[in-house]
Each structure stands twice: as C-alpha cells, then as structure tokens.
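# Per-entry structural report
Chain by chain, the residues:
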Amino acid sequence: MKYFTGVFKFFAISMEIIHISAECYPVAKAGGLGDVVGALPKYQNKSGHVAKVVMPMYRTKFLYENQWQVDHKGTTSLGSWMFDYTIIKEKTNKLGFDLYLVDINGLLDRDRIYGYHDDTERFMAFQIAVLHWINQWDHKPDVLHCHDHHTSMIPFMVKYCYAFNRLGNVPTVLTIHNAQYQGWMGWDKSHYIPAWDTWKGGLLDWKNTINPLAAGIKTAWKVTTVSSSYLEEMKWSANGLESLISQEQFKSMGILNGIDTEVWNPETDRYLREQYDPEIVRRGKDINKKFLCKEFHLDESNPLVVFIGRLVGEKAADILPDAILSSLYSMQGNVNFLVLGNGEPEIENQLVQLKNTFAGNYNAFIGYDETLSHLMYAGADFLLMPSRVEPCGLNQMYAMKYGTVPMVRSTGGLKDTVVDVGDNGWGIRFEQPTAGDVTYSVGRAVQVYQEKEKMESMQQHMMNIDHSWQHSVDQYINLYQDLKH
Ligand code: ADP
C-alpha cells in the first residue's frame, strides 16, 4: 500500500507497517516491550503512515472491555497438529492504530503473557497463524516489523518456508528489546516450522539448538536495538550471541525508544493525586509524595528513593536488600526506600522480610501495579536503577518527565539518557551494580536533596527534555524506506 499523503508530508510515501509482538500496552504488558509497541505505531500513524499491531488474544481485561469484529478465520498447522485460528480487530481505533488479536484455542487463551510450559508452541503457532493470514491478503504490506524472540522466526519463515513464498520480498525488521531471552527450542521441534528449505538449517541454529532470536538476527533485513550503547555492549555481552551481533553489525543500528507522553505526563496523568507541570513541580510532587508516604507508612520529610521493575538479576534487584540496608545504616535513617516489583521468589522474600527491620524507612509492594507505578514516578525524589543490563530503559525517562532524579548504573540506554550532576547534568550515575556503589550514590542523592534550589532547577530542566517518539519514528521510517530502494 503506497500513496502520497499530500504536500504537507513533502510527498513522503506512506507505508503500511505491520508490528507483530507478544505485548502491547494497554492490551497486555510485562515490561518495556509493551510500552513501545503501544506507542510507536500510534506515532507512526500520526506521521502519515499506516501502522498496525498484531498480537495474541490473551484473556486480559482489555479484551472484555472493548468491541471487536471478526476479520478472518483460518486453519493451519503446527507440525502435524492442525489448528483453527481467528483474527479479531478492535472496532474503534481506540489506541490510534488498527489492533488485531489472534485467537488460538488451547494455546493463546490464557490470562498471562508468558511463563507457561508450552510457550514455544504458543508463540510458534502465533507466528505461523499471522503469516498464514497475511499471505492471503490481496496486497502485501511494506514492512513486517518483529519484536523480540517471540516473533523473530518470521523473517526466516517468509524467506524460506514454501507456503509463504509470496511474502519473500517483503522487508523484515527485527527490534531487539532484550537479548537475554532467545526462545531456544530443541531441533526435535524443527517440524513445527512449515515445510522449509532444509539447506538453510544453519540459519536457525546457534550452538546446536534452534535459537529463534539468532535466526531473526541472521535473516531479518535490518536489526535494531533500543539504544546505541546496548548495540555496542551486545558485542561483548549478549547471552551467547556476541559474535553474531558483531558479524551482523553491518545491518544493525540503535534507535532509542521514546516515551508516550499521552500516557506518561504529570500534567494530565489521571493516576496522580495532583497533576503538575515544571512551574509547580515542588508543590505537585510534595502532594503525591505525602500520599505515597502515608500509604506506605514512611516519614515524608526524608528523601524518597524508589525502585520500580522486574525483580531479576538483569535489573540487579538481587543487590537491593543489601544496598537498602547499607544505605539506611550509612544515612542513619535519613532516607526512605519504596520498592515496587515482582519476579524471583528469593528476591521477593528478602524484600518482604526487610520491612520488619526498617519499618518507617522502607516498604515494598510485591506485585504488578500500573497505578502505583505512576504515583511512584510522581511522588519519589529519586529513582534507582542499578541494572546489570538495560537495553534502553523507560523508567528513567518516565522519572525525568515527572521530575524525579534518576540514579542509574552507567550501562545501555541509561548511559545514553542520563547525565551526572557532576557534569552539569540532572542525574546520579555509578559504575558497578553493587551495594557499595548504590550506598555511595544515595549519599550523593541526599546532598542534592538538601540543596532545594538546585534540586528544583534540575527537576525543571529534566521535565523539559524532549523524549517524545517523533525522533525515533523518523529514524524507523528512514530505515524502512531504505529497504524499499
Ligand atoms: P523491562 O522491559 O526490561 O522490564 P523497561 O524499563 O524497558 O524494562 O520497562 C519497564 C516498564 O514496566 C515500565 O513501564 C515500568 O513502569 C513497568 N513496570 C515494571 N515492573 C512493574 C510493576 N511491578 N508494576 C508496574 N509497572 C511495572
């Protein structure tokens, strides 16, 4: 689908972009992938393109609260198992793009996105159904944009599965949001892939197993990562894919995520107790902080440091208990911590136990809570991200938008977005994901907090930084357009 969008777009050719993803906010989100797929297509449409999202039909609240129409019904197979699938479309363009859900009974009709024993079968069947459907359209889309390993078999399948030959010349883009998870599946499951050119088996393989993320990196026309620093870091740390990343560097680039300011904006955020703009940042944040501190029994006169995220090693959540303990001792209780997250049970338990020791200075909510996350970005003074790996990181950008000083380890997207106060910036950076580095940084944070004027001008500065999607959208569109020539 190509047509001119008129003089105002300087005769730019409008493209039809199909995003295929396991997550999309607010339909289903487990982390940053959901935020990105819920926003990027919306802003691509605003730029005059036709971006659509295709994702599994999980049984989430969004499904039951919206109106749908059946777009297509088909039958295809996963290995020898024939299955029916249904594509439904959201009727009202509620999210600012056409949203299609793929229903496969017995596989996708679950409450959660991930974490089932048959995730391999679920996401393979999903990808096969998506291609089976698109293959029957009477036109071809301009780009298939895949996200992470759950959809990264698509670039291979359109090139080498005989059934999808017709789509063989449709450009594919793979965005790596997180290379830690790669979707590994044994060669005993190779029959799941619809009849394919077996000479190409090497493209599926990485270290004697089928590695969907590696297959996507090898076969996609272009590969993007969600920050330039992450692309560089992946050459020496990518959970086993380092040499592949270096090898495929010629077709790879980093494009930093933006933030969806229609969702993340303290001036309009309906989850806040008090909305605010840079001019009234101190007052606005104080009201939200007061509410948070009351809810979590914390002394509101202390600086409040929060952590929001998955409680996993990648985020260095395992160092949080020690880091909090040592910071509280070294600051003699003149600082508070609040944690929101869920993940590894061991870390969850330690964080819960800490509540008894430091009541009044520390609290935690173990679970996933979108509303609370917004309140914490608004009510906190500092947001801690000691991540071992951070491909882009959205939390620090949300924090800045809400006037909350990011305290981040210098890695990946954190390095690309946060400048230390010592370099005339607005954040606190540290080098190692250790309790020692965090404790030292908390000391620096408390000092910054005491200089009220300086703190306020930093807050105003960071709230005015432009993290909108426009810049990223332009970069993605240029990338797609290059593929068409
Ligand atoms: P990742 O995708 O690696 O988890 P990102 O920084 O890219 O990390 O995105 C994390 C997103 O998930 C943010 O929107 C953050 O607010 C949200 N989030 C993470 N954990 C929770 C939680 N327990 N409750 C609410 N929101 C959460």
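These figures come from a predicted structure and were not determined experimentally.

## Digging into the packing of helix H9 (residues 320-330) against helix H10 (residues 345-357)
As a packed pair, H9 and H10 sit with axes 9 Å apart at the nearest point and diverge in direction by 25 degrees. Classified by the interaxial angle, the pair formed by H9 and H10 is roughly parallel. Packed against H9, whose contacting residues are Leu 320, Pro 321, Ile 324 and Leu 325, the element H10 presents Gln 350, Leu 351 and Leu 354 at the interface. Class assignment for the residues of the contact of H9 with H10 results in six nonpolar, one polar and no charged.

## Describing the site of the ligand
If you check the shell around the ligand, you find 19 residues, and the closest are Lys 29, Gly 32, Asp 35, Lys 315 and Tyr 377. One of the backbone N or O atoms of Gly 32 is found 2.5 Å from an oxygen atom in the ligand. Between the ligand and Tyr 377, the relevant distance is 2.8 Å, taken from an oxygen atom to a side-chain nitrogen or oxygen of the residue. About the coverage of the ligand: the protein hides 94% of its 560 Å² of free accessible area. Elements supplying a minimum of two residues to the shell around the ligand: helix H1 (32-46), strand S10 (304-311), strand S11 (336-343), helix H11 (370-379) and helix H12 (395-401). Per-class residue counts for the shell around the ligand are six nonpolar, eight polar and five charged. Both domains that furnish three or more residues to the shell around the ligand are identified here as domain 1 (3-258 + 470-483) and domain 2 (278-463).

## Quick look at the nonpolar core
By size, the foremost hydrophobic cluster in this structure holds 90 residues, and its most contacted members are Ile 324, Tyr 362, Phe 382 and Tyr 480. When residues of this core are assigned to domains, at least three map to each of domain 1 (3-258 + 470-483) and domain 2 (278-463). Here Tyr 362 is in contact with Leu 298, Ile 324, Leu 328, Phe 337, Val 339, Leu 351, Leu 354 and Lys 355, once residues within four sequence places are set aside. Membership of the second largest hydrophobic core comes to 78 residues, among which are Leu 99, Leu 174, Leu 204 and Ala 220.

## Things to note about the domain arrangement of the chain
If you check the domain split of the chain, you get domain 1 (3-258 + 470-483) and domain 2 (278-463). Distance between the C-alpha centres of domain 1 and domain 2: 33 Å. Of the residues lining the interface, 19 residues belong to domain 1; the matching set on domain 2 comes to 16 residues. Of all residues in domain 1, the largest losses of buried area upon contact with domain 2 belong to Ser 229, Glu 233 and Leu 256, amounting jointly to 27% of the total for that side. Our enumeration of links across domain 1 and domain 2 arrives at one salt bridge. Secondary-structure elements contributing two or more residues to the side of domain 1 that touches domain 2 are H1 and helix H6 (228-234). Of the residues forming the side of domain 1 that touches domain 2, the biggest block, four residues, is contributed by H6. Residues that form the side of domain 1 that touches domain 2 fall into these classes: seven nonpolar, nine polar and three charged.

## Looking at the pattern of salt bridges
Scanning all chains against the criterion turns up 22 salt bridges. A salt bridge links Lys 189 to Glu 121, with the nearest nitrogen and oxygen atoms 3.0 Å apart. Of this pair, Lys 189 sits in the loop between strand S7 (172-176) and helix H5 (212-219) while Glu 121 sits in helix H3 (residues 119-134), and the two are 68 residues apart along the sequence. Under the relative-accessibility criterion, Lys 189 is labelled partly exposed at 23%. The partner of Glu 390 in a salt bridge is Lys 315, with the nearest N and O atoms 2.9 Å apart.

Criteria and cut-off values
- Residues numbered from 1 in each chain as written.
- Predicted model: local features only at pLDDT ≥ 70, side-chain atom pairs only at ≥ 80, totals over all residues.
- Heavy atoms only, no water.
- Axes fitted to C-alpha atoms, helices over the stretch in contact; angles between N-to-C directions.
- Helix = DSSP H or I, 4+ residues; strand = E, 2+ residues; numbered from the N terminus.
- Parallel < 35°, antiparallel > 145°, perpendicular 65-115°, else oblique.
- Contact = heavy atoms within 4.5 Å.
- Nonpolar A, V, L, I, M, F, W, Y, C, P; charged D, E, K, R; others polar.
- Near = heavy atom within 4 Å.
- Polar contact = N/O pair within 3.5 Å; in protein donor to acceptor, adjacent residues only side chain to side chain.
- Areas by Shrake-Rupley, 256 points an atom, 1.4 Å probe, with all protein chains shown as cover.
- Domains from an automatic or database assignment.
- Core = buried A, V, L, I, M, F, W, Y, C linked by side-chain atoms within 4.5 Å.
- Buried < 20%, exposed > 50% of the residue type's maximum accessible area, 1.4 Å probe, protein only.
- Buried area = accessible area lost by both parts, 1.4 Å probe.
- Salt bridge = Lys/Arg side-chain N within 4 Å of Asp/Glu carboxyl O.

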